[in-house]
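Chain by chain, the residues run as shown.
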Amino acid sequence: MDLLEYQAKELFAQIGIPILPSQCINHPADLKGLKIPYPVVLKSQVRAGGRGKAGGVKFAENTIDAVAAAQAIVNLPIMGDYPDVILAEAKYNADRELYLAVVLDTHARRPVLLGSNKGGVDLDAVMEHMQVVVVDRSFSPFYARRLVLKMGLQGRLIQSVSQIIEKMYRLFVDKDLDVVEINPLGVSPDGSVMALDGKVTVNDEALSRHPDVMELLHQHAPGSVHAPGSIFDNNGDRARDEWHYRPQKPDRVKDLDFHLMDLEGTIGVLSNGTGLMMATLDLIYSSGGNPARCLEIAGDFQGGWLADQFCERIDRGLELVLDQDPVEVILVNLMSGLTPSDRIAETILKVLEQRSRSPAYDPIPIILRLVGDPLSPAIAERLAQFQITWIEDLEAAIKATLAPSKL
Ligand code: GDP
Ligand code: MN
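In this convention, every chain numbers its residues from 1, walking through the sequence in written order. Here every chain gets a letter starting at A, and every ligand a number starting at 1, in the order they are written. Local features in a predicted model are, by the rule used here, given only for residues with pLDDT of at least 70; side-chain atom pairs are given and counted only at 80 or more, and totals for whole chains, interfaces and linings are based on all residues. Note that the side-chain values use all heavy atoms of the structure and ignore hydrogens as well as water.

The name given to the protein in an unreviewed UniProt entry is Acetate--CoA ligase family protein, and the organism recorded there is Roseofilum acuticapitatum BLCC-M154.

Spelled out as structure tokens, the structure:
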């Protein structure tokens, strides 16, 4: 599966490949509060290549230009696809463009490094100057250096471009990718380099091993109109309307700084801390389960939430997971930290009590696992009436979670 450019660039940033400051635009109003200084470049976030030639990449000097450019881009199909997101990025002053890629040679089953000292939108020129280095033994910086020399690069660029190739290779291996491509890598007059465009293709079979990449794929994913890889459904008006009227839920999630991931399965997961969420997902997958909506409620705040705030987050988070349609069972796996376990359980009970008053109430089994002090017997007793099973051991909790979903 291909990532969108802004998603690819997030992976670039994580591994230390230089990218420009940028901002995703979901709504024209976002352009008014743009945090990056003008001039900017606005780029259609569709999976097809050739956006530059098709008119999907536009430069803007001020807000008025930017709004007009964004309107044009959002109404422009590229290979039949309309963007749901536009990437606004600082403009880079490049006087040279290079092409770099790491791809899997499916015949040789070996990674191959590709480089051309004529990068950019003219693909014939790119191809004409393409250099190839097969990584036929275990990787070392030597391979990157060899490619750079074959490309004819000189001076400081030998070192700086080699380092970028090494990072691309690390990303390729770490995330089980089929393709990592930078076209163009801009070279500024002073010789510094910048990834101006990025393409990353994830190996679909390996995707389940990389929950962080899945989160990337799903975090801003809009409704089903432009499901990844789907042919555009010929409903342009609807697509444009969706761009203007974003659904409320993602905003609510953004306000609370939750990390939300909607996957294909039936198991809802509520957890706090990225590490605990990853460990929980790993265990669910390795036990043959399939997560649906996964919500990490700690957010980026490092300090540990006070009990009142934490309970509020549990309350809001649980509602979000309960409301997601394919969820048939929920695993709540929380580190209680500063909050007594009893208060966490009471919060969950309160949410369910309230919901149970609605005639449409459809109880969903919840498996509750808390890392912290044990529940008091009085609270524990009340859980059963709302189909909540409290299990202290994580593996046992996973087993119990999978039991009903396998029926
Ligand atoms: P593609 O046509 O889909 O590959 O889209 P790109 O992201 O590669 O953009 C097309 C072209 O626009 C690039 O090859 C660059 O020449 C140019 N471009 C994109 N971003 C920037 C930028 O920040 N600064 C400058 N100067 N050029 C850019
Ligand atoms: Mn490009």
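Here we look at helix 11 (residues 307-322)
Just so we agree on the cut-off: Numbering of helices and strands runs from the N terminus; a helix is a DSSP stretch of H or I covering at least four residues, while a strand is a stretch of E covering at least two. Helices are assigned an expected span. That span is 1.5 Å times one less than the residue count. Think of it in three bands: residues with accessible area under 20% of the maximum for their type are buried, residues over 50% are exposed, and the middle band is partly exposed, with areas taken using a 1.4 Å probe on protein chains only.
Between the first and last C-alpha of helix 11 there are 22 Å, a value that for 16 residues agrees with the 22 Å anticipated at 1.5 Å per step. Of the positions making up helix 11, those classed as buried are A307, F310, C311, R313, I314, D315, G317, L318, L320, V321 and L322.

Here we look at the coordination of the manganese ion (ligand 2)
Rules: Because water is not among the atoms used, a metal site may look incomplete, as its donors are only the N, O and S atoms within 2.8 Å, or 3.2 Å for Na, K and Ca.
Binding of the manganese ion (ligand 2) to the protein goes through N183 (O) and D197 (OD), at separations of 2.2 to 2.3 Å. Of the two residues, N183 sits in strand 8 (residues 177-187) while D197 sits in the loop between strand 9 (193-195) and strand 10 (199-202), which places them 14 residues apart along the sequence.

Some words on the packing of helix 1 (residues 5-15) against helix 6 (residues 156-174)
Describing two packed helices takes the angle between their axes plus the distance from one axis to the other. What counts here: Inter-axis angles, ranging from 0 to 180 degrees, are taken between N-to-C directions of lines fitted to C-alpha atoms, where helices are fitted over the stretch in contact. An angle below 35 degrees is treated as roughly parallel, one above 145 as roughly antiparallel, one from 65 to 115 as roughly perpendicular, and anything else as oblique. Crossing handedness: left-handed means the near helix sits turned counterclockwise from the far one by under a right angle, and right-handed means the same turn made clockwise. Contacts between residues were defined by any pair of non-hydrogen atoms, one from each residue, lying within 4.5 Å. In the scheme used here, Gly and all other residues not listed as nonpolar or charged are polar, with Ala, Val, Leu, Ile, Met, Phe, Trp, Tyr, Cys and Pro taken as nonpolar and Asp, Glu, Lys and Arg as charged.
Two numbers describe how helix 1 lies on helix 6: the axes approach to 10 Å, and their chain directions differ by 110°. When the axes of helix 1 and helix 6 are compared, the pair comes out roughly perpendicular. In the crossing of helix 1 with helix 6, the sense of the turn from one axis to the other is right-handed. Residue-level contacts link L11, F12 and I15 of helix 1 to K167, R170, L171 and D174 of helix 6. A class-by-class count of the residues in the contact of helix 1 with helix 6 yields four nonpolar, no polar and three charged.

Focus on the packing of aromatic side chains
Short version of the rule: In this scheme Phe, Tyr and Trp rings, the latter by its six-membered ring, pair at centre separations within 6.5 Å, and the angle between planes marks the pair as stacked below 30 degrees, edge-to-face above 60, and tilted otherwise.
As enumerated under the stated definition, the model contains four aromatic pairs in all. Plain terms: the ring middles of F139 and Y143 are 6.0 Å apart, the flat faces sit at 20° to each other, and that makes the pair stacked. For F139, a relative accessible area of 24% gives the class partly exposed. Between F142 and Y143 the ring centres are 5.8 Å apart and the planes differ by 65°, which places this aromatic pair in the edge-to-face class. Members of the aromatic cluster, joined through ring pairs, are F139, F142, Y143, Y169 and F172.

A closer look at helix 1
Most of helix 1 sits out of view: eight of its eleven residues are buried. E5, Y6, Q7, A8, K9, L11, F12 and I15 are the residues of helix 1 that are buried. With its phi angle positive at about 95°, G16 sits one or two positions after the end of helix 1.

Quick notes on the sheet that holds strand 2 (residues 40-44)
The cut-off we apply is this: Pairing between two strands requires that DSSP report at least two bridges joining them.
One open sheet accounts for four strands, arranged 1-4-2-3; its pairing is antiparallel. Because the sheet does not close on itself, it has two edges, and the strands there are strand 1 (22-25) and strand 3 (57-60). Sheet twist, expressed as the average angle between the axes of neighbouring strands with direction ignored, equals 25°. When strand 2 meets strand 4 (residues 86-90), the two strands line up antiparallel, connected through five bridges. If you follow L42 over to strand 4, its bridge partner there is A88. On top of the sheet, helix 1 reaches strand 1, strand 2 and strand 4; it is set at about 50° to strand 4, its chief contact.

Some remarks on unusual backbone geometry
Cis geometry is adopted by the peptide bond preceding P39, which originates at Y38 and carries an omega value of 0°. Within the fold, P39 resides in the loop between strand 1 and strand 2. A cis geometry characterises the amide bond from N183 onward to P184, with omega recorded as 10°. If you trace the backbone, P184 turns up in strand 8. If you check the backbone angles, D176 has positive phi at about 50° while not being a glycine. Considering the arrangement of structural elements, one finds D176 in the loop between helix 6 and strand 8. Take D176: its relative accessible area is 24%, and that puts it in the partly exposed class. With phi around 60°, Q387 is a residue other than glycine that occupies positive phi space.

Comments concerning the nonpolar core
Rules: Take the buried residues of types Ala, Val, Leu, Ile, Met, Phe, Trp, Tyr and Cys, join any two whose side-chain atoms come within 4.5 Å, and each joined set is a nonpolar core.
Counting residues in each nonpolar core, the largest one holds 57 residues, and the members touching the most others are L113 and V161. Apart from residues no more than four positions distant in its own chain, V161 is found in contact with L98, L100, V148, L153, L185 and V193. Among the nonpolar cores identified, the runner-up in size contains 33 residues, and L320, L322, L352 and I364 belong to it.

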